Amino acid sequence: MAEQGKVAPARRRGLAGEVADRIREAIFNGAYAPGAQLREVELSTALDVSRGPVREALLLLEREGLVHSAWHRGVTVTELAPGDVAELDTLRDALDGLAVRTVVAEAAEEDLEAVEAAAERMARAEDGHAMVRCDIAFHDAVYAASGHRRLQEAWRAIRSQVHLFLLTRIGRDTDGYLAHIPGQHRELAAALRARDAGRALELFAAHRRVAFDVVTQADDGEAPKANGEAPAAVDGGHAPER
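Residues numbered from 1 in each chain as written. Predicted model: local features only at pLDDT ≥ 70, side-chain atom pairs only at ≥ 80, totals over all residues. Heavy atoms only, no water.

## Details of the overall build of the chain
Across its full length, the chain carries 8 helices and 2 strands. Counting from the amino terminus, the chain carries its helices and strands in the arrangement α-α-α-β-β-α-α-α-α-α. Among the 242 residues that make up the chain, the fraction classed as buried is 43%. By sequence separation, contacts in the chain at least 24 residues apart represent 77% of the contacts at least 6 residues apart. Carbon and sulfur atoms form 50% of the exposed surface of the chain, whose accessible area is close to 12700 Å². (Helix = DSSP H or I, 4+ residues; strand = E, 2+ residues; numbered from the N terminus. Buried < 20%, exposed > 50% of the residue type's maximum accessible area, 1.4 Å probe, protein only. Contact = heavy atoms within 4.5 Å. Areas by Shrake-Rupley, 256 points an atom, 1.4 Å probe, with all protein chains shown as cover.)

In structure tokens form, the structure reads like this:
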């Protein structure tokens, strides 16, 4: 059989990936809150691309769990239901537990320094969205420090949903989040530095529990609220080429 008959022709996916990056960033910046509609025509105009790459990008984001498609509503930013929040919490419990035990047992000095540096950067975050990015970056550093490739892949599979969960959390209690999160993460980093698995597991569980309680005890249907002025939507000023 000829080689070209064994595999399907390759498709150029670079543009769709870049469009997905732009839309994802707009969601993470607060331009599109959970439940907000994402219309292909508007996005293609803002990004100066045809609708095809936008459609592919939305499919990529749907696989991440960041957007949801329904025939009667079109594509919307995912709203985490109570069941989604509970599943994320239990899954993170399992993943964090393995990450903590592995980091404590095997992490190199430079990996622990990267975790500590990520915790220190949180003190410089100027608003809730910046703090969420720092929060995610801290956990990126922890999973990277584990050196466990498949564990890192499992974390990346839910990373966007965790980011969305934290955006929901700051919509409920931005001031409390900004006030307490840097100190909590310094404690997490210190426990890992001390290679105290028991203490680290306890702190990671408490850290998750606070966020879980804030989100699940909020009024049903309350949408996250950004502080100050509304952020801009997808930036079309530096759009990818057609």
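## Some details on the pattern of salt bridges
Evaluated as defined, the whole model comprises 16 salt bridges. Residue D93 is joined to R208 by a salt bridge in which the shortest nitrogen-to-oxygen separation is 2.7 Å. Taken together, the residues span a long stretch of sequence, with D93 in helix α4 (residues 82–106) and R208 in helix α8 (residues 197–216) at a distance of 115 residues. Given a relative accessible area of 44%, D93 falls into the partly exposed group. The exposure class assigned to R208 is buried, which follows from its relative accessible area of 7%. Taken together, the salt bridges that share partners define one network made up of D21, R24 and E64. (Salt bridge = Lys/Arg side-chain N within 4 Å of Asp/Glu carboxyl O.)

## Describing empty space enclosed by the protein
Tallied over the full model, the rule gives 2 cavities of 30 Å³ or more. Along its surface, the largest cavity is lined by V85, L88, D89, R92, F165 and R208. Grouping the amino acids of the lining of the largest cavity by side-chain chemistry returns 3 nonpolar, no polar and 3 charged. Looking at the second largest cavity, its volume works out to about 40 Å³. In this structure, the second largest cavity is lined by R92, D135, F165, L166, H207, R208 and A211. Put simply, the parts of the chain that give the lining of the second largest cavity at least two residues each are α7 (149–193) and α8. (1 Å grid on protein atoms, 1.4 Å probe; cavity = no way out; pocket = protein on both sides within 12 Å on 5 of 7 lines; lining within 4 Å. Points joined across faces, edges and corners; volume = space filled by probe spheres on them. Nonpolar A, V, L, I, M, F, W, Y, C, P; charged D, E, K, R; others polar.)

## Observations concerning the packing of aromatic side chains
Applying the stated rule across the entire model yields 1 aromatic pair. Look at Y143 and W155: their rings are 4.9 Å apart centre to centre, the planes differ by 5°, and that puts the pair in the stacked class. Separated by 12 residues along the polypeptide, Y143 in helix α6 (residues 128–146) and W155 in helix α7 bring together distant segments of the chain. Here Y143 and W155 have matching classes, each one buried. (Phe/Tyr/Trp six-rings, centres within 6.5 Å; stacked < 30°, edge-to-face > 60°.)

## Some points on the nonpolar core
Residues I23, I27, L38, F138 and L192 are the most contacted members of the largest nonpolar core, which totals 65 residues. With 15 residues, α7 is the largest single contributor of residues to this core. Once residues within four sequence positions are removed from consideration, I27 is found in contact with Y32, L38, L66, V67, V77, L164 and L167. (Core = buried A, V, L, I, M, F, W, Y, C linked by side-chain atoms within 4.5 Å.)

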